[in-house]
Amino acid sequence: MSDEIYRLLLIDADRIFRMGMRSWLAQFSELEVVAEAETVAEVLGILRGGGDFDLAILDLNIGTKNSELAAINCQAGLELCQRLKLEYPQLPILVLSYPQEPPVVEMVLRTGVEGYCLKGANPDELITAIRQVALGNQYLDDRQRLVINQSKQSNRLMRNLPEQTIVAIVKRNFYLSGMRGIDRVLAEVKANLASTNSDQISDQIAKMVLAGQARELQAARWLVNRLWGQQIEPAMPPANTVSNLDEKFIDFDGEISDRTTKKANNTAQDQTEEQARNNALAVQASLWDKTVNKLQSSLLNISKTPLEIDILKDEKKRQLLYVALRQIEQSITDLRFSQIQPSQLELKIPDILKSIWQETIINFFGKYYVLNNIDSEVNVVDILLKEEEIVQTEFLDKIPQFDNFLSHLLFETELVIDDSSAAIGTPEAMQRVEIILDNLIIQIANAVIQPLLNNFANIEEIKHNFYRYNLLATREIERFRNDLSWKYRLEKYISEPQLIFESRHILLTFADRGIKRVTIYTPRNEELQQLEGVQLAVTLVLELQDTIAPRLKSAISFIGSGFVYVLTNVIGRGIGLIGRGVVQGIGNAWQENRNKK
């Protein structure tokens, strides 16, 4: 490549995807993301403001922030492509979008864009597309060429179908092509997720993107089926064409099934199970959208307890929380593809949390992030991952309700909230899973920073790249670490035993003004039975206090009353009315002070 730097304009409604793209592109010295936009108005404002760019990377779904519609709504993107080509014909455009139907791809290419590539494509393929279009060349990947050719073949077969009304044909084609395209791409996503196991940073970022793509495709399938599937009875082709059209598709849960056979043999139980999965996907999509929006607000710690992430700059804190959210989403997607059974879930919780923590570290710092030591280079990620055992014990094993959270989203099990059951999608259940997810994200982020503070707390490069300005001094860093150390001790020996004894959990959640603490009731009898040593002694003291306190207060009250009587009615008689009043005041004050104690 030449030494020329290509200035990029990134146009995408998904803030997390833009962040991942910017982070990934940073490794290529000839490519620089100069500006980002998530709406048509922002794009036009940037260009009209005199922005000079060598390439625009554009998502067709820019006008749709709702993840359930994103995979099928591309009207705004098409119109933007046409407008940019009319007003800025010299600006090359690479469409980087979710899979679309062949007619849509053809319409995109007819607007004059120079390239088309799929989100979730192999990183090597993606960087090739970006470089080719930035250089002024055309690019269309082989998969899109194949899809267009298959569409032409399918159109020829459709001519043999029985005569129907134009409206019926349009409806049937929309439904079949939509479901066929979504199912086909889900198969590709599953294959890509299974094959992307490399430790290279580009592959790790690709996995982050694939997780979001899978969720949105699943939501799109549910939406298309709801809008058209119950209204359309696909016409059966003539006998001589059944073998050609009786294609196999991949359902969103990953199982291979024959559409015609499934349509004929589908039972009420199958419909119920599919509806349950669709409900879970819709709830998850809504939950993720709400969480992303909350991450845009203040992240100030107002919980009155120090958090590891408090040391980070605001932009680094937000980025870390985003990465943690993406890894949680990817883990849920992996579990859906693996077809895990409810009975297997509990045993896999520690491994799932550990995997989320590891992937968050890798994607936040970068697999090959090194610090230049005097004698050698130190790989930061390798050092942090060695703290696995400590992090598992001190953080991951203490994250509450994660098993219930997964079971609720994967299998639609009801949540028990204050001795009442809440079904998926109800306001009570949504509020509880939001709190659990918030706490999970924050605790994963804390678990990422804790080993960083243990190993690289005073490294200047780390301090200037990640720490807040007021925490750069060594004294401030040590004070911050001491506060955390005292927090760990108090939680271990005092706070946690008390919470166990009181059947409570304290969770961290995102509020309008920042991160706050909330308390939820959950039975913890098993944990109570396992307490020993100082922790057990704390619970015994609490129990003793509950037993003695009422009786002690009664005794103090009785003694105080007797003392006042002696002073006022025995001694007071001999010292006169004035003295008697003074003594009575002293006696009452003494009683009040003793009661307070």
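The structure under discussion appears in the preceding block.
Residues numbered from 1 in each chain as written. Predicted model: local features only at pLDDT ≥ 70, side-chain atom pairs only at ≥ 80, totals over all residues. Heavy atoms only, no water.

1. So, the pairing of strand S1 (residues 6–11)
- Most of S1 sits out of view: 5 of its 6 residues are buried.
- Remark: the S1/helix H1 (residues 15–25)/strand S2 (residues 31–37) crossover connection has right-handed handedness.
- Across 4 bridges, S1 lies against strand S3 (residues 55–58) in parallel orientation. Considered in S3, the bridge of Leu9 is made with Ala56. (Buried < 20%, exposed > 50% of the residue type's maximum accessible area, 1.4 Å probe, protein only. Helix = DSSP H or I, 4+ residues; strand = E, 2+ residues; numbered from the N terminus. Right-handed = clockwise from strand over helix to strand, strands pointing away. Pairing = 2+ DSSP bridges.)

2. Focus on the environment of Ile515
- Residue position: Ile515 is located in strand S14 (residues 515–521).
- Residues Ile515 and Ser298, spaced 217 residues apart in sequence, show a C-alpha to C-alpha distance of 8.0 Å.
- In this view, Ile515 contacts Leu299, Leu300, Asn301, Ile302, Ser303, Leu307, Ile309, Ile442, Leu508, Thr509 and Phe510; residues no more than four positions away in its chain are not counted. (Contact = heavy atoms within 4.5 Å.)

3. Digging into a nonpolar patch on the surface
- Nonpolar side chains collect at one region of the surface, where Trp486, Leu490, Tyr493, Ile494 and Val534 lie side by side and expose about 500 Å² of accessible area between them.
- Sort the elements by how many residues they give to the nonpolar patch and helix H19 (residues 474–501) lands first, with 4 residues.
- Looking at the secondary structure, you find Leu490 in helix H19.
- For Leu490, a relative accessible area of 46% translates into the label partly exposed. (Patch = residues over 30% accessible without salt bridge, like charges linked within 9 Å, V, L, I, M, F, W, Y side chains within 5 Å. Areas by Shrake-Rupley, 256 points an atom, 1.4 Å probe, with all protein chains shown as cover. Salt bridge = Lys/Arg side-chain N within 4 Å of Asp/Glu carboxyl O.)

4. Digging into the pattern of salt bridges
- Counted by the stated rule, this structure contains 25 salt bridges.
- Among the salt bridges present, the one from Arg22 reaches Glu36, with a minimum N-O distance of 2.6 Å. Here the residue Arg22 occupies a position in helix H1, and Glu36 occupies one in strand S2, the gap between them amounting to 14 residues.
- On the basis of relative accessible area, Arg22 is assigned to the partly exposed category, the value being 35%.
- You can call Glu36 partly exposed: its relative accessible area is 26%.

5. A closer look at the pairing of strand S4 (residues 93–97)
- With 5 of 5 residues buried, S4 lies mostly within the body of the structure.
- Covered by surrounding structure in S4 are Ile93, Val95 and Ser97 together with Leu94 and Leu96, the residues of both alternating faces.
- Sheet topology note: the S3/S4 ladder contains 3 bridges and is parallel. Bridged to Ala56 within S4 is Ile93.
- Pairing between S4 and strand S5 (residues 115–118): 4 bridges, direction parallel. For Leu96, the partnering residue across the bridge sits in S5 and is Cys117.

6. Comments concerning the packing of aromatic side chains
- For the structure shown, the criterion picks out 7 aromatic pairs.
- Ring centres of Phe402 and Phe405 lie 6.4 Å apart, and the angle between their planes is 20°; this geometry places the pair in the stacked category. With Phe402 and Phe405 both in helix H16 (residues 402–411), this residue pair falls 3 residues apart, about one helical turn. Accessibility assignment for this pair places Phe402 and Phe405 in one class, buried.
- In this structure an aromatic cluster arises from ring pairing among Phe364, Phe365, Tyr369 and Phe466. (Phe/Tyr/Trp six-rings, centres within 6.5 Å; stacked < 30°, edge-to-face > 60°.)

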